[in-house]
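So you can see what is in the structure, the chains are spelled out below.
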Amino acid sequence: MSILESIVNQNQLPARYKAMNEQDIHQRIRDIKKELGSSLFIPGHHYQKEEVIQHCDATGDSLQLAQVSSRQTEASYIVFCGVHFMAETADMLTSTSQTVLLPDMRAGCSMADMADVNQTEIAWNHLQDLFGDTIIPLTYVNSTAAIKAFVGRHGGATVTSSNAHTILKWAFTQKKRVLFLPDQHLGRNTGYDLGIPLEAMAIWNQHENRLEYEGRAEECRMILWKGHCSVHENFTVANIDFIRKTYPEMKVLVHPECSHEVVERSDLNGSTKYIIDCIQQAEPGAQWAIGTEMNLVQRLIDRHPEQKIVSLNPYMCPCLTMNRIDSKHLLWNLESILEGKPRNIITVEEQTAREGRLAIERMLVRS
Ligand code: 13P
Ligand code: SF4
């Protein structure tokens, strides 16, 4: 067997889990949770499927889960139901005696993968030559630990979609310009809200090591990394036009990872928590077309039958990497803890963790 085959085999769900029925899986998860008691903590992102969410001890958006992880002192095992960068953040915020696990190692994030730290070092050198020491880096938490460490050692901070305005405002008190990684849309939408004109925003093209910018260098205020979320990019202006024509009473509510054109034409935009709050506070009969991840939209539809809620894009599917985590992988992971051989441990190397923590803590104290 080749090394590749043995790695693939090791990560393949054993047949016994495939053969189990749903009820038995859920019962077994509940039994293990009881047995492990307070030594186990399961946080889950709002984009997780219902079959997973029902077993989570805390649910939240990226900011809430980072905050909850930083307060987790009791649990020896944190089984993170989210994607890889979230588990890394949890590892950086917990003590070395605590173990963070990810039920399926294939649960990555395509946006986080769009910024590699070597590309970022190259970009930084180019930008220093162009603009001198006038730039502070910010990174969306949807980024690797290595990127967070880069940002931490250059005096910057992480942001999430729910505190991006606050942290961007703070960044401009530190330096004249911001390098915003890796989501160009969150960067552009947030900068625009703070009054930065689109003409003062450049794009760093990491594939060609080139600044895409037509204005005068001294007027450039933001340098946006050329990354995006492959889920939120699927909401289009044509989707909004369709809703306006078909359901004139409907409010369009989108996440700021959507393109600027979509955000500008929406009625409301905000983080995952903001979207949930809007629906929870709305009157019966309210009508919404929501532009965000489909598991969350489906949950809002199921929990709020008193409102009319649709996905802004009717052909939208859930975030595929988030969806790698299911009840079977969760059970496999929990059993590995019981057997004393925990699987899929997420460990961030010490220096990376120390520098990454600087960036995360600069965000947490301002959130
Ligand atoms: P928030 O949880 O910050 O809204 O981020 C959304 C997201 O894409 C998570 O991967
Ligand atoms: Fe990454 Fe987008 Fe999926 Fe969030 S929704 S995990 S940003 S690909």
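Above: the structure in question.
A. Summary view of the overall build of the protein. Check the secondary structure of the protein and you find 16 helices and 15 strands. Viewed in the frame of its principal axes, the protein has a C-alpha envelope of about 65 × 55 × 40 Å. Out of the 367 residues in the protein, the part that is buried amounts to 56%. Of the roughly 16,000 Å² of accessible surface on the protein, 49% is carried by carbon and sulfur atoms. Averaging the positions of the 36 positive and the 45 negative side-chain charges in the protein gives two centres separated by 1 Å.

B. Structural context of the site of ligand 2. The local shell around ligand 2 consists of Tyr47, Cys109, Ser110, Met111, Asn142, Cys229, Val231, Glu257 and Cys319. The residue makeup of the shell around ligand 2, split by class, is 6 nonpolar, 2 polar and 1 charged.

C. Representation of the site of ligand 1 in the model. Taken together, His45, Tyr47, Asp61, Ser62, Phe85, Met86, Tyr140, Asn142, Ser161, His255, Glu257 and Thr272 make up the full set of residues near ligand 1. A distance of 2.9 Å separates an oxygen atom of ligand 1 from a polar side-chain atom of His255. Relative to its free-state accessible area of 300 Å², ligand 1 is covered by the protein chains to the extent of 96%.

D. How the structure looks around the environment of Ala157. On the secondary structure map, Ala157 appears in strand S7 (residues 157-159). Measuring from C-alpha to C-alpha, the distance between Ala157 and Ile167 comes to 7.6 Å, with 10 residues separating the pair along the chain. When sequence neighbours within four positions are dropped, the list of residues in contact with Ala157 reads Pro137, Leu138, Thr139, Val151, Ile167, Trp170, Ala359, Arg362 and Met363.

E. Helix H7 (residues 117-131), seen in detail. The terminal C-alpha atoms of H7, which comprises 15 residues, lie 20 Å apart, in line with the 21 Å expected from a rise of 1.5 Å per residue. Thr120, Ala123, Trp124, Leu127 and Phe131 are the residues of H7 that are buried. Looking straight down H7, one finds its buried side chains confined to an arc of 105°; they lie on one side. Exposed positions of H7 whose direction lies more than 90 degrees from the buried face are Asn118 and Asp129. Among the residues trailing H7, Gly132 stands out with phi positive, at a value near 65°.

F. Expanded view of the sheet that holds S7. Read across the sheet, 6 strands follow the order S7-S6-S8-S11-S9-S10 without closing on themselves; strand pairing throughout is mixed. The open sheet has two edge strands, S7 and strand S10 (210-212), and neither has a second partner. Going across the sheet, the axis of each strand differs from the next one's by a mean of 30°, ignoring polarity. Here 3 bridges tie strand S8 (residues 177-181) to strand S11 (residues 222-225), and the two strands are oriented parallel to one another. The residue of S11 that forms the bridge with Val178 is Met222. Along the sheet, helix H8 (residues 145-153) contacts strand S6 (135-140), S7 and S8; its crossing angle with S6, the most-contacted strand, is approximately 150°. Packing of helix H10 (residues 184-193) onto the sheet brings it into contact with S6, S7, S8, strand S9 (201-205) and S11, and relative to S11 it is tilted by some 155°.

G. Quick look at unusual backbone geometry. Despite not being glycine, Asn209 has its phi angle at roughly 50°, a positive value. Position of Asn209 among the secondary structure elements: in the loop between S9 and S10. Overall, Asn209 belongs to the partly exposed group, its relative accessible area being 30%. The backbone of Asn344 sits at a positive phi, close to 55°, despite the residue not being glycine. In this fold, Asn344 is placed in the loop between helix H15 (327-338) and helix H16 (350-364). Look at Asn344 and you get buried, because its relative accessible area is 13%.

H. The arrangement of the sheet that holds strand S14 (residues 287-291) in detail. The 4 strands lie next to each other as S13-S12-S14-S15, forming an open sheet whose pairing is parallel. Unpaired on one side and paired on the other, strand S13 (268-269) and strand S15 (308-311) mark the two borders of the sheet. As defined by bridge partners, strand S12 (residues 251-254) adjoins S14 across 4 bridges and the pair is classed as parallel. Counted as the bridge partner of Leu253 is Ile290 from S14. On top of the sheet, helix H14 (residues 294-303) reaches S14 and S15; it is set at about 165° to S15, its chief contact.

Cut-offs used in this document
- Residues numbered from 1 in each chain as written.
- Chains lettered and ligands numbered in written order.
- Predicted model: local features only at pLDDT ≥ 70, side-chain atom pairs only at ≥ 80, totals over all residues.
- Heavy atoms only, no water.
- Helix = DSSP H or I, 4+ residues; strand = E, 2+ residues; numbered from the N terminus.
- Buried < 20%, exposed > 50% of the residue type's maximum accessible area, 1.4 Å probe, protein only.
- Areas by Shrake-Rupley, 256 points an atom, 1.4 Å probe, with all protein chains shown as cover.
- Lys, Arg positive; Asp, Glu negative; His and termini not counted.
- Charge placed at Lys NZ, Arg CZ, Asp CG, Glu CD.
- Near = heavy atom within 4 Å.
- Nonpolar A, V, L, I, M, F, W, Y, C, P; charged D, E, K, R; others polar.
- Polar contact = N/O pair within 3.5 Å; in protein donor to acceptor, adjacent residues only side chain to side chain.
- Contact = heavy atoms within 4.5 Å.
- Expected span 1.5 Å × (residues − 1).
- Arc of directions from axis to C-beta.
- Pairing = 2+ DSSP bridges.
- Axes fitted to C-alpha atoms, helices over the stretch in contact; angles between N-to-C directions.

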